[in-house]
Amino acid sequence: YTSGTTGDPKGVVIPNVRLGAGIMGGAALGFEPGDKPYTGLSLTHGNAQSLTFMPAIGMDLPVVISQKFTKSRLWDITRKYGCTVFNLLGGMTTAIYSDPIKENDGDNPVRMVCAAGMPANIWVKFEERFNVKVLEMYGAVDGFGLIVNAPGAGPVGSFGKAGPNLEVAIVDEEDKECPRGEMGELIGRQLGAQPKIEYLGNEAASSKKTRGGWVRTGDICHMDENGYLYFDYRKGGGLRHNGDFVSPSFVEQVLAEHPQIDDVYVYGVTAASGAPGEKDVVGAIVGLDGTELDIPSIFAYCKKHLEANFIPSYLQVVKEIPKTASEKPQERFLLEAFSVDGEGIYTS
């Protein structure tokens, strides 16, 4: 199943050869003999299946599996069972980083974290704090392929270069290829093969996904002069405020570092100004257990560490950030709960 970040999850019909590729894929992910992978992600999702379970079978590695991901016990689990590698998806990274710093953060057996969506602004800080190396990757359960940026191979913030069997392009709304450095939709296809994606019982979505003989990712990315690829935002989810493109991950980092905040997700709502294409910035925040949030101090912290257009227009206090089975934040439910004068909504 797809993760269901923007709508209900869709069933993806996957041929057996995909499982075989997962079984043979441990080396591409940097797994080594003697590793002990860990996952707390749902086995209904391709991440736990193809990036943890199947590679471990192929390399005859023991695997530690939790019924549910828990950031509060993550490092204790790795210490107890001697886990050396695990996977993270974007929202999980920020949640872990927002935990208060502990003296033993770096005292763990983990040597590598396989991340999909490690924010560039906390990448190095995350490595140093937890004494790990980050392998950044990009892939999709519906069949785009896998791109990997192994530790030290490419620049921080990039998910790597396309391999020799994968053709990729960054295109605009008219399917014209974008110049290097310019943002557009990432599309791709395996060389010598016609892309075929089958969503269970949904022919329209299946055809749309492979329009023109390319897999349409729906992700806005850019490519640098050396061919390295960078994720910018999900199509339709760009955040422009007062003329500036706002990086949600940068705002999330600042909010995550506030001592009262346990989890955070930043998104946009239609701008009160009514300016076309503009959005106001919303910081959805979860307080630490037993801590009463000091909203003025959080806004003051943002004003100290962020440029004016990056400061959240609203803080939305919630009990938890709604997430999919693969721990990706579900913006649509936060949007449904948001109203300017609603409960738990604060402005500076």
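What comes next concerns the included structure. (Residues numbered from 1 in each chain as written. Predicted model: local features only at pLDDT ≥ 70, side-chain atom pairs only at ≥ 80, totals over all residues. Heavy atoms only, no water.)

**Things to note about the pattern of salt bridges**
Here comes step 1: Enumeration over the complete set of coordinates arrives at 14 salt bridges.
Here comes step 2: We note a salt bridge from Arg79 to Asp76, for which the minimum N-O separation is 3.0 Å. One end of the pair, Arg79, and the other, Asp76, are both in helix H3 (residues 74-81), three residues apart, so they sit about a helical turn from each other.
Here comes step 3: In this structure, Arg234 engages Asp219 in a salt bridge whose closest nitrogen and oxygen atoms are separated by 2.8 Å. Here the residue Arg234 occupies a position in strand E12 (residues 229-234), and Asp219 occupies one in strand E11 (residues 215-223), the gap between them amounting to 15 residues.
Here comes step 4: Assessed through its relative accessible area of 36%, Arg234 is described here as partly exposed.
Here comes step 5: Relative accessible area serves as the criterion here: at 8%, Asp219 is assigned to the buried category.
Here comes step 6: What you see here is one network of salt bridges that share partners, running through Glu32, Asp35 and Arg111. (Salt bridge = Lys/Arg side-chain N within 4 Å of Asp/Glu carboxyl O. Helix = DSSP H or I, 4+ residues; strand = E, 2+ residues; numbered from the N terminus. Buried < 20%, exposed > 50% of the residue type's maximum accessible area, 1.4 Å probe, protein only.)

**What to know about H3**
Here comes step 1: Within H3, burial applies to Leu74, Trp75, Ile77 and Thr78. Viewed end-on, H3 has its buried residues packed into an arc of 160°, placing them on one side of the element.
Here comes step 2: At the exit of H3 stands Gly82, carrying a positive phi of roughly 70°. (Arc of directions from axis to C-beta.)

**What to know about empty space enclosed by the protein**
Here comes step 1: This model, assessed by the stated rule, comprises one cavity of 30 Å³ or more.
Here comes step 2: If you trace the largest cavity, you find it lined by Ala169, Ile170, Glu177, Cys178, Pro179, Arg180, Gly181, Glu182 and Met223.
Here comes step 3: Along the lines of polarity and charge, the residues of the lining of the largest cavity split into five nonpolar, one polar and three charged. (1 Å grid on protein atoms, 1.4 Å probe; cavity = no way out; pocket = protein on both sides within 12 Å on 5 of 7 lines; lining within 4 Å. Points joined across faces, edges and corners; volume = space filled by probe spheres on them. Nonpolar A, V, L, I, M, F, W, Y, C, P; charged D, E, K, R; others polar.)

**Some words on the nonpolar core**
Here comes step 1: With 45 residues, the main nonpolar core has Trp75, Phe86, Ile96, Phe126, Leu255, Ile285 and Ile298 as its most contacted residues.
Here comes step 2: Leaving out residues up to four positions away in the same chain, Leu255 has contacts with Ile261, Val264, Val266, Gly283, Ile285, Ile298, Cys302, Pro312 and Leu315.
Here comes step 3: Judged by nonpolar contacts, the second largest core, of 18 residues, contains Val141, Phe144, Phe159 and Leu186. (Core = buried A, V, L, I, M, F, W, Y, C linked by side-chain atoms within 4.5 Å. Contact = heavy atoms within 4.5 Å.)

**Some points on the environment of Asp175**
Here comes step 1: With respect to the helices and strands, Asp175 occurs in the loop between strand E8 (166-171) and strand E9 (184-190).
Here comes step 2: The exposure class assigned to Asp175 is partly exposed, which follows from its relative accessible area of 34%.
Here comes step 3: The residues contacting Asp175, other than those within four sequence positions of it, are Arg211 and Arg216.
Here comes step 4: A polar contact is formed between the side chain of Asp175 and the side chain of Arg211, at a distance of 3.3 Å. (Polar contact = N/O pair within 3.5 Å; in protein donor to acceptor, adjacent residues only side chain to side chain.)

**Quick word on the pairing of E12**
Here comes step 1: With five bridges joining them, E11 and E12 adopt antiparallel strand pairing. Counted as the bridge partner of Cys221 is Phe231 from E12.
Here comes step 2: The turn joining E11 and E12, which pair antiparallel and follow one another in sequence, is formed by five residues; a positive phi near 90° is taken by Gly227. (Pairing = 2+ DSSP bridges.)

**Comments concerning helix H5 (residues 120-130)**
Here comes step 1: When H5 is considered as a whole, its buried residues turn out to be Ile122, Trp123, Phe126, Glu127, Arg129 and Phe130. The buried residues of H5 all sit within an arc of 165° when viewed along its axis, so they share a single face.
Here comes step 2: Just beyond H5, the residue with positive phi is Asn131, at close to 60°.

**What to know about the side chain of Arg129**
Here comes step 1: The residue Arg129 is located in helix H5 in this model.
Here comes step 2: Within the local environment of Arg129, its side chain forms a polar contact with the backbone oxygen of Pro100, the two atoms lying 3.2 Å apart.

**Here's the deal with the sheet that holds E12**
Here comes step 1: Here four strands make up an open sheet; going across it, the order is E8-E9-E11-E12 and the pairing antiparallel. Either end of the sheet is taken by a strand with one partner, and the two such strands are E8 and E12. For this sheet the average axis-to-axis angle between neighbouring strands, irrespective of direction, equals 45°.
Here comes step 2: Taken together, the six bridges between E8 and E9 define a ladder with antiparallel strand orientation. Following the sheet pairing, Glu167 is matched in E9 by Arg189. (Axes fitted to C-alpha atoms, helices over the stretch in contact; angles between N-to-C directions.)

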